[in-house]
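Chain and residue survey
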Amino acid sequence: MDLRIFTEPQQGATYDTLLAVAKATEDLGFDAFFRSDHFLSMGSGDGLPGPTDAWLTLAGLARETKRIRLGTLMTAGTFRLPGVLAIQVAQVDQMSGGRVELGLGAGWFEQEHKAYGIPFPKEKFARLEEQLAIVTGLWETKPGDTFDFHGTYYDLTDSPALPKPAQSRIPVLIGGHGASRTPRLTAQYADEFNMPFASIEDSEQQFGRVRAAVEAAGRKADDLIYSNALVVCVGKDDQEVARRAAVIGREVDELKANGLAGSPSEVVDKIGRYAETGSRRIYLQILDLHDLDHLELISSQVQSQLS
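Report follows, based on the coordinates. (Residues numbered from 1 in each chain as written. Predicted model: local features only at pLDDT ≥ 70, side-chain atom pairs only at ≥ 80, totals over all residues. Heavy atoms only, no water.)

This part is about the overall build of the chain. A tally of helices and strands in the chain yields 11 helices and 12 strands. Projected onto its principal axes, the C-alpha coordinates of the chain cover approximately 60 × 45 × 35 Å. Within the chain, the proportion of its 307 residues that are buried is 55%. Summarising the internal contacts of the chain: among those between residues at least 6 apart in sequence, 72% fall at separations of at least 24. (Helix = DSSP H or I, 4+ residues; strand = E, 2+ residues; numbered from the N terminus. Buried < 20%, exposed > 50% of the residue type's maximum accessible area, 1.4 Å probe, protein only. Contact = heavy atoms within 4.5 Å.)

Looking along the chain, the bond that leaves Leu 48 and enters Pro 49 is cis, with omega of 10 degrees. Tracing the chain through its elements places Pro 49 in the loop between strand 2 (32-35) and helix 2 (54-64). Following Leu 73, the chain continues to Met 74 via a peptide bond in cis, the omega torsion being -20 degrees. Within the element layout of this structure, Met 74 appears in the loop between strand 3 (69-72) and strand 4 (75-76). The phi dihedral of Asp 158 is positive, around 55 degrees, even though this residue is not glycine. When its relative accessible area of 53% is taken as the criterion, Asp 158 is described as exposed.

Here the focus is the packing of aromatic side chains. Aromatic ring pairs are defined here through the distance separating the ring centres and the angle between the ring planes. Inspection of every chain in the model, using the stated rule, returns 6 aromatic pairs. Seen from their ring centres, Trp 108 and Phe 109 are 5.2 Å apart, and the 25 degrees between their planes marks the pair as stacked. By relative accessible area, Trp 108 is classed as exposed at 56%. On the accessibility criterion, Phe 109 (15% relative accessible area) is buried. A ring pair is formed by Phe 193 and Phe 207, whose centres lie 6.2 Å apart and whose planes are at 85 degrees; its orientation type is edge-to-face. Here the residue Phe 193 occupies a position in strand 9 (residues 192-196), and Phe 207 occupies one in helix 7 (residues 200-216), the gap between them amounting to 14 residues. Classification of Phe 193 as buried rests on a relative accessible area of 0%. Connected via pairs of aromatic rings, a cluster forms that spans Phe 39, Phe 79 and Tyr 116. (Phe/Tyr/Trp six-rings, centres within 6.5 Å; stacked < 30°, edge-to-face > 60°.)

Here the focus is the pattern of salt bridges. Taken as a whole and judged by the stated rule, the model has 19 salt bridges. Its salt-bridge partner being Glu 101, residue Arg 69 comes within 2.9 Å of it at the nearest N-O pair. A residue pair is termed long-range when its members are at least 10 positions apart, and Arg 69 in strand 3 and Glu 101 in strand 5 (residues 100-105) qualify at 32 residues. Its relative accessible area of 17% is what places Arg 69 among the buried residues. A salt bridge links Lys 236 to Glu 240; its shortest N-O distance comes to 2.8 Å. Its relative accessible area of 12% is what places Glu 240 among the buried residues. Each of Lys 236, Glu 240, Arg 243, Arg 244 and Asp 291 takes part in a single network of salt bridges with overlapping partners. (Salt bridge = Lys/Arg side-chain N within 4 Å of Asp/Glu carboxyl O.)

The subject of this paragraph is the nonpolar core. Phe 33, Trp 55, Trp 139, Leu 284 and Ile 298 are the most contacted members of the largest nonpolar core, which totals 63 residues. Leaving out residues up to four positions away in the same chain, Trp 139 has contacts with Ala 86, Val 89, Ala 90, Leu 102, Lys 164, Pro 165, Ile 170 and Val 172. Residues Ala 198, Phe 207, Ala 213 and Leu 224 belong to the second largest nonpolar core, which totals 11 residues. (Core = buried A, V, L, I, M, F, W, Y, C linked by side-chain atoms within 4.5 Å.)

Mapped onto the secondary structure, Thr 182 falls in helix 6 (residues 181-189). Overall, the relative accessible area of 7% leaves Thr 182 in the buried class. Not counting chain neighbours up to four residues away, the residues in contact with Thr 182 comprise Phe 125, Ile 174, Gly 175, Gly 176, Phe 193 and Gln 206.

This next bit is on helix 11 (residues 292-306). Look at helix 11: 20 Å from first C-alpha to last across 15 residues, which is about the 21 Å you get at 1.5 Å a residue. At Ser 299, helix 11 shows its maximal bend, which comes to roughly 35 degrees. Those residues of helix 11 that fall on the buried side of the exposure criterion are His 294, Leu 295, Leu 297, Ile 298, Ser 299, Val 302 and Gln 303. In this structure, the buried side of helix 11 is in contact with strand 1 (2-7), helix 1 (15-27), strand 10 (225-234), helix 8 (238-247), helix 10 (264-275) and strand 12 (281-286). (Expected span 1.5 Å × (residues − 1). Bend = angle between axes of the 7 residues up to and from the residue.)

A grouping of Glu 201, Asp 202, Glu 204, Asp 269 and Glu 276 is seen on the molecular surface, where their side chains present a negatively charged patch. Among the elements that make up the negative patch, the one with the highest residue count is helix 7 (3 residues). Mapped onto the elements of the fold, Glu 201 is located in helix 7. (Patch = residues over 30% accessible without salt bridge, like charges linked within 9 Å, V, L, I, M, F, W, Y side chains within 5 Å. Areas by Shrake-Rupley, 256 points an atom, 1.4 Å probe, with all protein chains shown as cover. Lys, Arg positive; Asp, Glu negative; His and termini not counted. Charge placed at Lys NZ, Arg CZ, Asp CG, Glu CD.)

Looking now at the pairing of strand 7 (residues 155-159). The pairing of strand 6 (residues 147-150) with strand 7 spans 3 bridges and is antiparallel. Directly across from His 150, in strand 7, lies its bridge partner Asp 155. Hairpin connection from strand 6 to strand 7: 4 residues lie between these consecutive antiparallel strands. (Pairing = 2+ DSSP bridges.)

Quick look at the structure:
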């Protein structure tokens, strides 16, 4: 089971804060540092000092880390034109020496679009399908050849399809709860399917749908990685769990029901139950980015038991 650190910087984080978390992620032996792609805080937080751009952040971290994978859960398809996104991600992949992964989603948070003047189209999922075809098509085009795409929403003619990533194939992540279209797109384009903030039972059901869609598309179901994203709140005792829950404005019982919370042994046990569904990777949503002791505890008392 791989453990990855997943951050939500729109809730309030500077680049320096994210750099400190990324370096701790690397030093403590975690597999990857991922971040959300949002421009507006959610809930009651003020989001100060303001948002940071996902791919600008990852470009900086690409030069300041050496080992960990870097990526997004999920880049919002509404934020960037697919041709430009392909260039950005390929460049960051080069800057990192081939450590980038792209999670790409349709976009959903209408208020942040209104706040920053970003168009919020009705046909987001249909656009996502064309975006996936364009981004992957540009990367797969042989050097010297050109790429053309003539869709309903995007039109590319004689693109040189440059630059190329450092990796022969940048892993693409697709996720979500959709029962039909999401599994179909996953089967066509993805290397990993991520189930965000879902129960063990719902994860098992959705993984089954995705596996069936992958096999129907002529691929082996086990060629994909199946993963979960879950909030995490671990403490060496009940008092520490309660303190960490209070800092992020959550109740312990709710966190235990909907995430990974409690003592290290409790969290290891629940991760094991997700593993039984076929999940091979957990993105640990860290909501207090200043509590690096939390990461150290997870590394020494949770990750060590899983490896």
